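# Survey of secondary and tertiary structure
Each chain, letter by letter, is given below.
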Amino acid sequence: AEVHYHDFIVQATPVNKLCKTHNIITVNGQFPGPTIEIRNGDTLVVSVVNRAQYNVTIHWHGIRQMRTAWADGPEFVTQCPIRPGGHYTYRFTVQGQEGTLWWHAHSSWLRATVYGALIIHPKEGNNYPFAQPNREFPVILGEWWNQDPITVVRQATQTGAAPNISDAFTINGEPGDLYNCSSQSTTTFPVKPNQINLLRFINAALNDELFVSIAGHSMTVVSADASYTKPFTTSVLMLGPGQTTDVLVTTNQPSSRYYIAARAYASAQGVAFDNTTTTAILEYDCGCLSNSIKPAFPTLPAFNDTATATAFSRQFFSASPVKIPSPVTDNLFFTVGLGLLPCQPGRTCGGPNGTRFSASINNVSFVLPQSFSILQAHHLGVAGVFSADFPPSPPIQFDYTGNVSRALWQPVPATKVYRLKYGAVVELVLQGTSIVTAENHPIHLHGYDFYILAEGFGNFNRATDTAKFNLVNPPLRNTVGVPVNGWAVIRFVADNPGVWLLHCHLDVHITWGLAMAFLVDNGVGELEALEAPPEDLPPC
Ligand code: C2O
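Residues numbered from 1 in each chain as written. Predicted model: local features only at pLDDT ≥ 70, side-chain atom pairs only at ≥ 80, totals over all residues.

Named according to an unreviewed UniProt entry, the protein chain is Laccase originating from Dendrobium catenatum. The UniProt entry for the protein chain carries the following text under Subcellular location (unreviewed entry): "Secreted, Extracellular space, Apoplast". (UniProt positions renumbered as here; feature names shortened; annotations may be inferred.)

On to the overall build of the protein chain. Along the backbone of the protein chain there are five helices and 32 strands. In terms of C-alpha radius of gyration, the protein chain reaches 22 Å, essentially the compact-globule figure of 24 Å for 540 residues. Taken along its principal axes, the extent of the C-alpha atoms in the protein chain is 70 × 55 × 55 Å. Looking at the protein chain residue by residue over its 540 residues, the buried ones come to 51%. Nonlocal contacts in the protein chain, meaning residues at least 24 apart in sequence, comprise 79% of its contacts between residues at least 6 apart. (Helix = DSSP H or I, 4+ residues; strand = E, 2+ residues; numbered from the N terminus. Rg over C-alpha atoms; globule rule 2.2 N^0.38 Å. Buried ≥ 20, exposed ≤ 12 C-beta atoms within 10 Å, placed from the backbone. Contact = placed C-beta atoms within 7 Å.)

Of note, Arg111 is situated in the loop between strand E7 (99-105) and strand E8 (115-121). The exposure class of Arg111 is buried, given the 26 C-beta atoms found within 10 Å. Between the C-alpha atom of Arg111 and that of Ile150, which follows or precedes it by 39 residues, the distance is 10.0 Å. Setting aside anything within four residues of it in sequence, one finds Arg111 in contact with His104, Ala105, His106 and Leu206.

Let us look at the sheet that holds strand E1 (residues 3-17). Pairing in this open sheet of four strands is mixed, and the strands run E2-E1-E4-E6 from one edge to the other. Strands with a single pairing partner mark the edges of an open sheet, and in this sheet they are strand E2 (20-27) and strand E6 (87-93). Along the sheet, successive strands turn relative to each other by an average axial angle of 20°, direction set aside. Where strand E4 (residues 43-50) and E6 come together, seven bridges link them in antiparallel fashion. (Pairing = 2+ DSSP bridges. Axes fitted to C-alpha atoms, helices over the stretch in contact; angles between N-to-C directions.)

The pLDDT averaged across the protein chain works out to 96; a share of 100% of its residues lies at or above 70. This prediction of the complex comes with two scores: 0.98 for pTM and 0.99 for ipTM. (pLDDT = per-residue confidence, 0-100.)

A word on the UniProt feature "domain: Plastocyanin-like" (unreviewed entry) in the protein chain. Per the UniProt annotation, the sites labelled "domain: Plastocyanin-like" (unreviewed entry) are residues 10-124, 136-286 and 389-522. Measuring from the first to the last C-alpha atom of residues 136-286 gives 18 Å, for a span that is 7% helix and 47% strand. The span residues 389-522 carries 7% helix and 43% strand; its end-to-end C-alpha distance comes to 19 Å.

A separate point is the domain arrangement of the protein chain. Assigned domains within the protein chain: domain 1 (1-125), domain 2 (130-318) and domain 3 (330-528). Measuring from the centre of the C-alpha atoms in domain 2 to the corresponding centre in domain 3 gives 28 Å. Taken together, the contacts link 31 residues of domain 2 with 29 residues of domain 3. Of all the elements in the fold, those that place two or more residues in the side of domain 2 that touches domain 3 are helix H1 (149-159), strand E15 (227-234) and helix H2 (306-313). Sorting elements by how many residues they give to the side of domain 2 that touches domain 3 places H1 first, with four residues. (Domains from an automatic or database assignment.)

A separate point is unusual backbone geometry. At the junction of Phe31 and Pro32, the peptide bond is cis and its omega measures out at -10° in the coordinates. Within the fold, Pro32 resides in the loop between E2 and strand E3 (36-39). Cis peptide bonds are those with omega within 30 degrees of zero, and the linkage from Ser326 to Pro327 qualifies with -5°. In this structure, Leu18 takes a positive phi of about 50° despite not being glycine. In the Ramachandran plot, Phe76 falls in the positive-phi region, its phi being about 65° despite a non-glycine side chain. Classification of Phe76 as buried rests on a count of 25 C-beta atoms within 10 Å.

Turning our attention to the sheet that holds strand E5 (residues 58-61). Taken in spatial order, the four strands of this open sheet run E3-E8-E7-E5, and their pairing is mixed. Only two strands of the sheet have a single partner each, and these edge strands are E3 and E5. Across the sheet, the mean angle from the axis of one strand to that of its neighbour is 25°, orientation sign disregarded. Bridging between E3 and E8 involves four bridges; their strand directions are parallel. Within E8, the position partnered with Arg39 by the bridge is His121.

What follows is the structure, encoded as structure tokens:
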């Protein structure tokens, strides 16, 4: 195993898109940021220097961070932010994970532009458990604003309104041919005829789930969230923000240009979203294409095609049978959804009927501590930063996906964690609600992968729905799409001590409070305990 050293300089960089130039926050002046490539078993040491005028942290999305919660990154959860002029070195070892993950800023909405691919190759001398590709490409889907994303979120939090939607979707940072002033810079993937290509899709968009298709080519899914899957062939992918999907594409079509296109899957009713389409070009590198050959366009599902999104997610299985953790010690039931709160005095609020938007899990709307991190407070025994009384089930039961009364629309803001013993076997029902609007929520858990045992529509019914659990070969993921007006059940072993955020990966929802944290105790002995905090952990 090797140790890889990287320097990340966080800085403001002028970038021109959609006919306008403005400063965005980047790493090393690159957008998207640098791709990191390592092998399973390697150690990564990334020194981050903050030369921007905003606080920043970096999160290694999907990395298990065994005993190194200090390197996880969410601001005010595992660390205080790196202040302007400050620095922090993230140091962790990848254990047993292979495939595509990514890194992104975990402060305010900085991840809009601060992100990059994190590729974990098999151990030295090992092959992929599928046909060996001739070429590999990261394909990062993102969103672009003509405004500074921090301004967008500030406007939204100050008015309690929905934020402005993005001005473009992007592939590897480029909006592509269908947008103004963008065709010269459209991302192109050069491929050779009759070869196998591994495309590593990452959805880094802030607030949109995305459908993706490639004209004339089918895709064979082989991995998701850095876990191998039972291969299946599809003409369309759907990725929630945070999710990754690796596919094999064989260039068995006539030499030409083909669009890779992505656009939103908008499961919510009546919610504004960017309805434009981003494109990149799969270009047969045969030395035979004239410039005048226009790429062919794929068929993409309609923005509200829940049937296609659902059919896609139901094709995921682990590559081989797994040993399901059992028996369950902690049976949890979390509602995930939106809510409305009264306007603060003296403010004009942008929500319906003068309210402001909020979101919650079990009616608790998560509030980040402002001057301390939860992990540091726990480690040092500082009282008053959080309380450990997060409810294991909703405080009131109701028809979650029905016509919910307005009286249930008031989440309670608080900083609460749910405490787990080391080694606890957790089964968690994630139940979507129809409060304000029903929506598909991509729920991400830090520090763990989990098995998705089942998902369905309506209200989860323990008496009948447990029969639907896949206890043989469920997919292992770090982000699950809880279906619109539906539920998903996940299971994991709490074998990683620390404080681990669970949240909706639509940033607008985390801003409104759709988050909570698990506090996992140390086990017995040094190997089951959180490591000591690094000396350069940013001061609070
Ligand atoms: Cu990819 Cu808490 O995030």
